[in-house]
Amino acid sequence: MIDIVTYDDKIVVSFQQDINFETSRIMEEMIQSQPWDTSHLQIDLSAVRFIDSSGVRLLISWLYPLKDRMHIEMIGVSAPIKNILSICQLDQMVDVK
Amino acid sequence: MIQAQLNETNYSMMISAMLEELDRCIQLDDMQKYTVQLVLWELVSNVIRHSTKKCANVYISWSDETVVIEVIDLGEGFEWEKQLNVRPPDLTNQGGRGLFLIQQLATHFSFDEKGKRAIVMIARKKGEKYD
């Protein structure tokens with residue numbers, strides 16, 4: 001569901017499924033169990049084709065408290081998902097590529 | 001027209017099946033497909049979360065200009081006035097973006113008076129409005 005790999009200089013989080021009403025609760029439990037002790041967080045969304053408002057909620061509840069402690073970037077983001085992130089202002093705290 | 005009855009056990013599979021069927025029937029660009037998927041997920045998950053029956057009838061119809069999605073809550077309905085036409089949530093608010101996203105992406109979004117029947121229109125041609 002989510003792969004988390006820790007390197008010396010960053011943590012890479014790869015979502016392997018869509019983030020929606022059905023999947024977000026389990027994903028949130030996985031995320032909340034991590035300490036996120038890094039200066040660089042890279043989130044890979046290349047396997048994600050769809051995010052709904054439950055997914056946006058998960059991302060905001062996870063990333064908003066971290067945004068001043070580290071550089072956060074998202075990679076592999078499709079155009080429709082970029083649009084959703086922009087509407088919800090997530091691109092103001094995350095470097096969306 | 002595509003129609004189905006969705007409930008808390010079949011909604012994910014049924015939404016996928018309806019999207020596949022719609023894809024076979026009409027041509028939509030990636031953004032339009034995403035909007036249809038989002039509208040279905042948001043309105044149906046709203047019924048699953050809040051309705052007394054947790055069951056909805058969903059109808060998708062289309063013309064050359066629009067896709068029309070109708071979701072009828074088989075329960076008591078939804079107090080939509082409290083949720084629609086509110087200010088967009090900022091980043092300090094974690095939730096409350098479902099209906100806001102539909103409002104941003106659709107050309108028309110309304111409920112009936114009892115909050116049981118939602119109608120959403122999505123333009124198939126860019127820049128068109130139907131309100």
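Residues numbered from 1 in each chain as written. Chains lettered and ligands numbered in written order. Predicted model: local features only at pLDDT ≥ 70, side-chain atom pairs only at ≥ 80, totals over all residues. Heavy atoms only, no water.

1. Details of the overall build of chain A
In terms of helices and strands, chain A carries three helices and five strands. Mapped in sequence order, the helices and strands of chain A form the string β-β-α-β-α-β-α-β. Over its C-alpha trace chain A gives a radius of gyration of 12 Å, about what one expects of a compact globule, namely 13 Å for 97 residues. Here chain A holds 97 residues, and 51% of them are scored as buried. (Helix = DSSP H or I, 4+ residues; strand = E, 2+ residues; numbered from the N terminus. Rg over C-alpha atoms; globule rule 2.2 N^0.38 Å. Buried < 20%, exposed > 50% of the residue type's maximum accessible area, 1.4 Å probe, protein only.)

2. Some points on the pattern of salt bridges
For the structure on display, the rule yields seven salt bridges over all chains. In this structure, B:Glu21 and B:Arg24 form a salt bridge, with 2.9 Å as the shortest nitrogen-oxygen distance. Taken together, the positions of B:Glu21 and B:Arg24, both in helix α1 (residues 11–25) and three residues apart, correspond to about one turn of that helix. With relative accessibility at 30%, the residue B:Glu21 sits in the partly exposed group. Judged by relative accessible area, which is 61%, B:Arg24 ranks as exposed. As a salt-bridge pair, B:Asp23 and B:Lys33 come within 3.4 Å of each other at their nearest N and O atoms. Placement of the pair is B:Asp23 in helix α1 and B:Lys33 in helix α2 (residues 30–50), with a sequence separation of ten residues. Owing to a relative accessible area of 32%, B:Lys33 belongs among the partly exposed residues under this scheme. Each of the salt bridges in this network shares a partner with another, and the network as a whole consists of A:Glu73, A:Asp95 and A:Lys97. (Salt bridge = Lys/Arg side-chain N within 4 Å of Asp/Glu carboxyl O.)

3. Regarding the confidence of the model for chain B
Overall, the predicted model of chain B reaches an average pLDDT of 89, with 94% of residues at or above 70. The least confident element of chain B is helix α3 (residues 98–105) of chain B, whose mean pLDDT is 92; the most confident is strand β2 (residues 55–62) of chain B, at 97. (pLDDT = per-residue confidence, 0-100.)

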